[in-house]
Amino acid sequence: MTTYRIAEAAEVLGVSDDTVRRWIESGRLATTTEAGRGAVPGTALAQLATALADQPDVPRSAAVSARNRLPGIVTRVVKDTVMAQVELVCGPYRLVSLMSTEAAEELGLEPGVRAIASVKSTNVVVERP
């Protein structure tokens, strides 16, 4: 199971470490213990990322460039024999990428896994950090 340190979870969600700690304390985000430290399970982080992306009042940045690299977390993967649909939440953004099933399996893409979406025009390229 993929787990994240609090700082990593904050980076993926586009919030501060303190915000993640508050969500943990309030029970909004589950944690486990790994090597004596608190860790956030990737599946729990993916669920929260999905919930946050569905909020219409999340501020969006207007600054963009020709090529954007957005760190995030995989929230859903739908595969058939040829193609895969990969959904990511990168901070306040929800992105969907279509790729070959072979590529998705080679990258090990599954809910809770950290990934980077590279966006240029209408193409979304997914890579692992």
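For the structure, check the block above.
What comes next is a walk through the structure.

## Some thoughts on the overall build of the chain
Broken down by element type, the chain carries four helices and eight strands. Along the chain, helices (α) and strands (β) appear in the sequence β-α-α-β-β-α-β-β-β-α-β-β when read from the amino end. In the chain, which comprises 129 residues, the proportion classed as buried is 39%. A sequence separation of at least 24 residues applies to 51% of the contacts in the chain between residues at least 6 apart. Put simply, the chain shows about 7500 Å² of open surface, and 50% of that area lies on carbon and sulfur atoms.

## Some thoughts on the sheet that holds strand S1 (residues 3-4)
A sheet is described by the order of its strands in space; here three strands give the open sequence S1-S3-S2, paired in antiparallel fashion. The open sheet has two free edges, formed respectively by S1 and strand S2 (32-34), since each of these has just one partner strand. Where S1 meets strand S3 (residues 37-41), two bridges bridge the pair, whose relative direction is antiparallel. By the bridge assignment, Tyr 4 is partnered in S3 with Val 40.

## Digging into the pattern of salt bridges
Any two side chains of opposite charge can pair if their charged atoms end up close together. Going through the model one piece at a time under the given rule, you end up with seven salt bridges. Measuring nitrogen to oxygen at the nearest pair gives 3.5 Å for the salt bridge that ties Arg 5 to Glu 8. For Arg 5, a relative accessible area of 47% puts it in the partly exposed group. Between Glu 11 and Arg 114 there is a salt bridge, and its shortest N-O distance comes to 2.9 Å.

## Details of helix H1 (residues 6-13)
Within an α-helix, residues lying three or four positions from one another point in the same direction, as the helix has 3.6 residues per turn. Within H1, six of the eight residues are buried, which leaves the element mostly enclosed by the surrounding structure. Burial in H1 covers these residues: Ile 6, Glu 8, Ala 9, Ala 10, Val 12 and Leu 13. A positive backbone phi angle near 75° is found at Gly 14, which sits one or two residues after H1.

## What about the pairing of strand S4 (residues 68-79)?
Bridge count for S4 against strand S7 (residues 114-120) is six bridges, and the pairing is antiparallel. Bridge pairing links Leu 70 to Ala 117 in S7. The pairing of S4 with strand S5 (residues 83-90) spans six bridges and is classified as antiparallel. When the bridges of S5 are listed, Val 78 appears paired with Gln 85. Where S4 folds back on S5, the antiparallel hairpin that results is connected by three residues.

Rules used throughout
- Residues numbered from 1 in each chain as written.
- Predicted model: local features only at pLDDT ≥ 70, side-chain atom pairs only at ≥ 80, totals over all residues.
- Heavy atoms only, no water.
- Helix = DSSP H or I, 4+ residues; strand = E, 2+ residues; numbered from the N terminus.
- Buried < 20%, exposed > 50% of the residue type's maximum accessible area, 1.4 Å probe, protein only.
- Contact = heavy atoms within 4.5 Å.
- Areas by Shrake-Rupley, 256 points an atom, 1.4 Å probe, with all protein chains shown as cover.
- Pairing = 2+ DSSP bridges.
- Salt bridge = Lys/Arg side-chain N within 4 Å of Asp/Glu carboxyl O.

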